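# Analysis of the macromolecular model
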Amino acid sequence: MIYFRPHSLDEFIGQKRIKDELSVYISSVKKRNDIFPHTFFIGAPGLGKTTLARIIAYELKRDLKITSGPVLDKTGTLAAVLTNLKEGNILFIDEIHRMPKPCQEILYTAMEDFALDIVIGKGNAGKTIRLNLPKFTLIGATNKPNLCLAPLRDRFQLIFKLNYYKDEELRDIIVKVSKSWGLEIEKDLAFKLAKASKGIPRQALNLVRRLREFVLLNSKTKDQKLLKVSSQVFEDFLKLLDIDEWGLTPEDRRCLLTLYKEFKGGPVGVTALALSADITPEEFETIYEPALIRMGLIARTKRGRILTQKGYLYLKEKFNLPYKE
Ligand code: ADP
């Protein structure tokens, strides 16, 4: 598998406000040779949380240890990770909300006092010993901040919420990634791919990976350094993936058609809609729904999801389905 990893804030496209703020903290920590503040990244999978953690470590020339909430499922496992850290290390915990409560609680003193309180023995005979930890930075990432205990959330000095990307930003990412993977793609074609990327760089990169395979398969001149994506090959690729002029994929269309046919345009709850459209509720909520809402095709109401006027218009244009009375 081929990867794309921006190494500096300058190479990271989008999330301008976050980048500006991080850049200030990185400079000041560098100047004072200090410990980077504990940082919390909130946002859907694939928006760049791990990438930003890597960039912070890279720019500060600090070691980064990457782990995740589901791996740290026992207090002993977490204690081992923490005691193995060295001064200045950055510990990145992805899906931090999935750590069990006792593990989250251990992080309180680890973050605040750089200490680990270990209880030895049980009941009245039990006593607590305090182990000092090296000064480190914790970077936590989650899509569900509410599932983190409030005292844990409060101990992060910096909290950033990553937004879904604009199509123009994804277009620039696509052009850049393509180039580093040996593909030359015109901006307007990249924009079409961006529209199908749901505002998420990981989705955009997946599409570029597939496009690259497709172009390699259809190209006669394999020895060129940079393979140009012709309009014809690109159109064939979109056809193969069944991405339409609106940038909608078969999954998007399934969501809209299910909402129309099975739930009369809504309102319907997320789980019922996702499962009927054969999509996991998790993926529906983090990938498909936000994009369909941004495009104005569905809307969120108190009683559930509904098709909008524009949603009906799309179904009429695409499948000749009548408007709801
Ligand atoms: P997360 O940790 O939020 O799930 P990642 O940091 O793993 O997301 O990003 C997913 C992929 O998208 C990675 O390959 C990463 O290099 C790429 N990526 C994410 N954000 C950007 C960006 N702003 N510019 C370029 N590539 C990005």
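See the structure shown above.
Residues numbered from 1 in each chain as written. Predicted model: local features only at pLDDT ≥ 70, side-chain atom pairs only at ≥ 80, totals over all residues. Heavy atoms only, no water.

## Details of the pattern of salt bridges
On inspection of all chains with the given rule, the structure shows 20 salt bridges. A salt bridge links Arg 32 to Asp 34, with the nearest nitrogen and oxygen atoms 2.5 Å apart. Classification of Arg 32 by relative accessible area gives exposed; the value is 53%. For Asp 34, a relative accessible area of 29% translates into the label partly exposed. Where Glu 289 meets Arg 305, a salt bridge forms, and the shortest distance between an N and an O atom there is 2.4 Å. Here the residue Glu 289 occupies a position in helix 12 (residues 281-294), and Arg 305 occupies one in strand 11 (residues 304-307), the gap between them amounting to 16 residues. Relative accessible area serves as the criterion here: at 1%, Glu 289 is assigned to the buried category. Exposure remark for Arg 305: the relative accessible area of 10% places this residue in the buried category. Shared partners join several salt bridges into a network, and the residues in it are Asp 242, Asp 244, Glu 245, Arg 253 and Lys 318. (Salt bridge = Lys/Arg side-chain N within 4 Å of Asp/Glu carboxyl O. Buried < 20%, exposed > 50% of the residue type's maximum accessible area, 1.4 Å probe, protein only. Helix = DSSP H or I, 4+ residues; strand = E, 2+ residues; numbered from the N terminus.)

## Remarks on the site of the ligand
Around the ligand sit 18 residues in total, of which Phe 4, Ile 13, Gly 46, Thr 50 and Thr 51 are the nearest. At 2.7 Å from a nitrogen atom of the ligand is found a main-chain nitrogen or oxygen belonging to Ile 13. One nitrogen or oxygen atom from the main chain of Leu 47 is found 3.3 Å from an oxygen atom belonging to the ligand. Contact with the protein chains covers 92% of the free accessible surface of the ligand, which is 560 Å². Classifying every residue of the shell around the ligand gives eleven nonpolar, four polar and three charged. (Near = heavy atom within 4 Å. Polar contact = N/O pair within 3.5 Å; in protein donor to acceptor, adjacent residues only side chain to side chain. Areas by Shrake-Rupley, 256 points an atom, 1.4 Å probe, with all protein chains shown as cover. Nonpolar A, V, L, I, M, F, W, Y, C, P; charged D, E, K, R; others polar.)

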